[in-house]
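This is what each chain is made of:
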Amino acid sequence: MFRLIANDLRPGTGSSHNKRAAFAANYTFLAINGAALTADSGAAYDFISGLYEKGAFSFDNLVPWLRINVKVGPPRPSSRVG
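Analysis parameters
Residues numbered from 1 in each chain as written. Predicted model: local features only at pLDDT ≥ 70, side-chain atom pairs only at ≥ 80, totals over all residues. Heavy atoms only, no water. Helix = DSSP H or I, 4+ residues; strand = E, 2+ residues; numbered from the N terminus. Buried < 20%, exposed > 50% of the residue type's maximum accessible area, 1.4 Å probe, protein only. Contact = heavy atoms within 4.5 Å. Areas by Shrake-Rupley, 256 points an atom, 1.4 Å probe, with all protein chains shown as cover. Axes fitted to C-alpha atoms, helices over the stretch in contact; angles between N-to-C directions. Parallel < 35°, antiparallel > 145°, perpendicular 65-115°, else oblique. Left-handed = near helix turned anticlockwise from the far one by under 90°. Nonpolar A, V, L, I, M, F, W, Y, C, P; charged D, E, K, R; others polar. Polar contact = N/O pair within 3.5 Å; in protein donor to acceptor, adjacent residues only side chain to side chain. Expected span 1.5 Å × (residues − 1). Core = buried A, V, L, I, M, F, W, Y, C linked by side-chain atoms within 4.5 Å.

**Student:** Just checking my understanding: could you explain the overall build of the chain for this structure?
**Tutor:** When helices and strands are tallied, the chain shows 4 helices and 2 strands. The linear arrangement of helices and strands in the chain, starting from the amino end, is α-α-β-α-α-β. Burial status across the chain gives 32% buried among its 82 residues. Put simply, of all contacts in the chain between residues at least 6 apart along the chain, 70% involve residues at least 24 apart. Here the chain displays about 5800 Å² of accessible surface, and carbon together with sulfur accounts for 58% of that area.

**Student:** Looking at this model, I keep getting lost on the packing of helix 3 (residues 41-54) against helix 4 (residues 59-69). Mind explaining?
**Tutor:** Packed helices, taken two at a time, are described by their axes: the angle between them and the distance between them. Running from N to C, helix 3 and helix 4 point in directions that differ by 165°, and their axes come no closer than 11 Å. Of the possible angle classes, the one that applies to helix 3 and helix 4 is roughly antiparallel. Crossing angle aside, the handedness with which helix 3 passes helix 4 is right-handed. Across the interface between the two elements, A43, A44, F47 and L51 of helix 3 pack against N61, L62 and W65 of helix 4. Of the residues in the contact of helix 3 with helix 4, the class split is 6 nonpolar, 1 polar and no charged.

**Student:** Sorry, what's going on with the side chain of N69 here?
**Tutor:** Here N69 is to be found in helix 4. Relative accessible area serves as the criterion here: at 13%, N69 is assigned to the buried category. A distance of 2.9 Å separates a polar side-chain atom of N69 from the backbone oxygen of W65. Residue contacts for N69: discarding those within four places in its chain leaves A36, L37, T38 and A39.

**Student:** Even after reading the chapter, I still don't get helix 3, so can you show me in this structure?
**Tutor:** Side chains three or four residues apart in an α-helix point the same way, a direct result of the helix having 3.6 residues per turn. Taking 1.5 Å of rise per residue, 14 residues should cover 20 Å, and helix 3 covers 20 Å from first to last C-alpha, within 8% of that figure. Within the span of helix 3, buried status applies to A44, F47, I48, S49, G50 and L51. One side-chain oxygen of the residue at the start of helix 3 lies 3.1 Å from the amide nitrogen of G42, identifying that residue as D40. Within two residues after helix 3, G55 carries a phi angle of roughly 70°, on the positive side.

**Student:** How should I be thinking about the nonpolar core in this particular structure?
**Tutor:** Most often, soluble globular proteins keep nonpolar side chains buried together rather than apart. Membership of the largest hydrophobic core comes to 13 residues, with the highest contact counts inside it found for L37, F47, F57, L62, W65, L66 and V70. Put simply, the parts of the chain that give this core at least two residues each are strand 1 (35-37), helix 3 and helix 4. Broken down by element, the residue count for this core peaks at 4 residues, all from helix 3.

No statement about biological role is implied by the geometric values presented.
Now the structure itself:
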């Protein structure tokens with residue numbers, strides 16, 4: 001999933017709408033799996049836009065930041081009825 005967002009946010013690829021959708025999808029993925037982004041919206045924006053402006057947005061640059069700024073907890077229970 002995070003490779004997809006990194007690929008979509010490379011300079012010259014995707015639209016602004018795709019970038020926001022990719023970020024929202026990853027945020028939701030984290031929440032469903034019991035994790036939460038701990039960085040505030042300003043810090044997240046500054047980091048992501050900074051990488052984008054430098055042409056450095058990649059999976060390899062994203063992972064260390066996520067390791068620092070994501071808190072992992074237990075996954076949410078499934079709401080599926082068996």
